[in-house]
Amino acid sequence: MKERGNERCQKKDVIRNYIIPIIGDTKLSEINTRFMEKYYQTLLKTPSVINPIFGKRLNETVGTSTIRDIHKLLRSAFDQAVKWELMEKNPCIHATVPKHKAKKREIWTAEQLMYAIEVCDDEFTKLALNLAFAGSLRIGELLGLTWDCVDISPEAIQEGRSYIYVNKELQRVSKEAVKELDGKDVLLIFPEESKRCKTVRILKTPKTDSSVRKIFLPKSVAMMLIDWKNSQKEIKEVLGEEYQDYRQVKFPFIGKSQRTKNRNLKPQIM
């Protein structure tokens, strides 16, 4: 499986935050299975770093999921050390890693979805709920949807073949990850919100080829898309040159000053 720039940056962050500060000065000759197990237990008590994407700590201490990622990374590194005859055996092979219990995702029932749509008073959010339900779209796919991948022509609706084509997704990634990608898989880099911000929004190709798909739409959802597109045209006429058109189905990114001037306009969903 090919490694993405964001994945490489995540590995670099793990090394910089949790490996070098704790065991970076340890000699290879001093590292054995018992050492690794004590290291993993130390991590469980180590404060986690602030996540640059969310701007806060996701856990108070290093989580078991992160420790398992560290284990995989070090096991691969020590495998190479064994090949180079720098170590006799890999200390990670028989090391006990703290058990990780994945959190079960809460899934809405059909009744909850219908209620959410019924009480929703924001046009785009209501459309997003219908699209997500009709096409099983992830949030990045929904926000990355562009009008050139939507067929809601009168003929398509009449014949029951209106559809959306999912072939990209919107993600917020670190600026370092963008450099690592060096344009690979990146279709568009959106304007920076702030020079101090360490992350940026990008439009990129999906992680796997199987994520690229055509999804046929119910007539009701297709009609909602038509109404939404007409609303966008009205907003475009109001904003004029301030309208940054990236052909997204969601509202485009608008300059900070312009957002302040147009607080009465429908809010951006992001």
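Residues numbered from 1 in each chain as written. Predicted model: local features only at pLDDT ≥ 70, side-chain atom pairs only at ≥ 80, totals over all residues. Heavy atoms only, no water.

Draft legend 1. Structural context of the overall build of the chain. Of the regular secondary structure elements, the chain holds 10 helices and 6 strands. Taken across its 270 residues, the chain has 37% of its residues classed as buried. Partitioning the intrachain contacts of the chain with sequence separation of at least 6 by distance along the chain shows that 62% fall at a separation of at least 24. (Helix = DSSP H or I, 4+ residues; strand = E, 2+ residues; numbered from the N terminus. Buried < 20%, exposed > 50% of the residue type's maximum accessible area, 1.4 Å probe, protein only. Contact = heavy atoms within 4.5 Å.)

Draft legend 2. Quick look at the environment of Met114. Tracing the backbone through its elements, the reader meets Met114 in helix H4 (residues 110-119). When the C-alpha positions of Met114 and Asn130 are compared, they lie 9.5 Å apart, and in sequence the two are 16 residues distant.

Draft legend 3. Local environment of the sheet that holds strand S1 (residues 150-151). If you trace the 3 strands from one edge of the open sheet to the other, you get S1-S2-S6, paired in antiparallel fashion. This sheet does not close on itself; its edge strands, each paired only once, are S1 and strand S6 (213-216). With 4 bridges joining them, strand S2 (residues 163-166) and S6 adopt antiparallel strand pairing. The partner of Tyr165 across the bridge, within S6, is Lys214. (Pairing = 2+ DSSP bridges.)

Draft legend 4. Region of interest: the packing of aromatic side chains. One pass over the structure, following the stated rule, counts 4 aromatic pairs. Judged by centre distance (5.2 Å) and plane angle (45°), the rings of Phe124 and Trp228 are tilted. Of the two residues, Phe124 sits in helix H5 (residues 123-135) while Trp228 sits in helix H9 (residues 219-239), which places them 104 residues apart along the sequence. What makes Phe124 buried here is its relative accessible area of 3%. (Phe/Tyr/Trp six-rings, centres within 6.5 Å; stacked < 30°, edge-to-face > 60°.)

Draft legend 5. Quick look at unusual backbone geometry. Backbone geometry at Glu85 places phi at a positive 60°, although glycine is not the residue there. Examined against the element boundaries, Glu85 turns out to sit in the loop between helix H3 (64-83) and H4. A relative accessible area of 74% places Glu85 in the exposed class. One non-glycine residue, Ser136, adopts positive backbone phi at about 50°. Considering the arrangement of structural elements, one finds Ser136 in the loop between H5 and helix H6 (139-143).

Draft legend 6. Seen up close, the pairing of strand S5 (residues 199-204). Along S5, 6 of the 6 residues are buried, which leaves the element largely enclosed by surrounding structure. One ladder, built from 6 bridges, connects strand S3 (residues 169-174) with S5; its direction is antiparallel. When the bridges of S5 are listed, Gln171 appears paired with Ile202. Where strand S4 (residues 186-189) and S5 come together, 3 bridges link them in antiparallel fashion. By the bridge assignment for S5, Val186 is matched with Lys204.

Draft legend 7. The arrangement of the sheet that holds S4 in detail. Spatial strand order, S3-S5-S4: 3 strands in an open sheet with antiparallel pairing. In the strand order of this sheet, the two ends are held by S3 and S4, each with one partner. Taking the axes of each pair of neighbouring strands and ignoring which way they run, one obtains an average angle of 35° across the sheet. (Axes fitted to C-alpha atoms, helices over the stretch in contact; angles between N-to-C directions.)

Draft legend 8. The nonpolar core, seen in detail. If you look at the biggest cluster of nonpolar residues, it comprises 20 residues, and the most contacted ones within it are Leu131, Val150, Ile164, Leu225 and Val249. Looking at this core, the elements with two or more residues in it are H5, S2 and H9. If near-sequence neighbours (up to four positions away) are discounted, Val249 is found in contact with Phe124, Leu127, Leu145, Thr146, Trp147, Val150, Leu225, Trp228 and Gln232. Formed by 19 residues, the second largest nonpolar core is a distinct cluster that contains Met36, Ile70, Phe78 and Ala81. (Core = buried A, V, L, I, M, F, W, Y, C linked by side-chain atoms within 4.5 Å.)

Draft legend 9. Structural view of the pattern of salt bridges. If you walk through the whole model with that rule in mind, you get 9 salt bridges. In this structure, Glu159 and Arg161 form a salt bridge, with 2.6 Å as the shortest nitrogen-oxygen distance. Glu159 sits in the exposed class, given a relative accessible area of 55%. Given the relative accessible area of 33%, Arg161 is considered partly exposed. Glu169 is the salt-bridge partner of Lys204, the closest N and O atoms lying 3.2 Å from each other. In this pair, Lys204 is assigned in strand S5 and Glu169 in strand S3, connecting sequence segments 35 residues apart. Overall, the relative accessible area of 8% leaves Glu169 in the buried class. Through salt bridges that share partners, Arg138, Glu141 and Arg213 make up one connected network. (Salt bridge = Lys/Arg side-chain N within 4 Å of Asp/Glu carboxyl O.)

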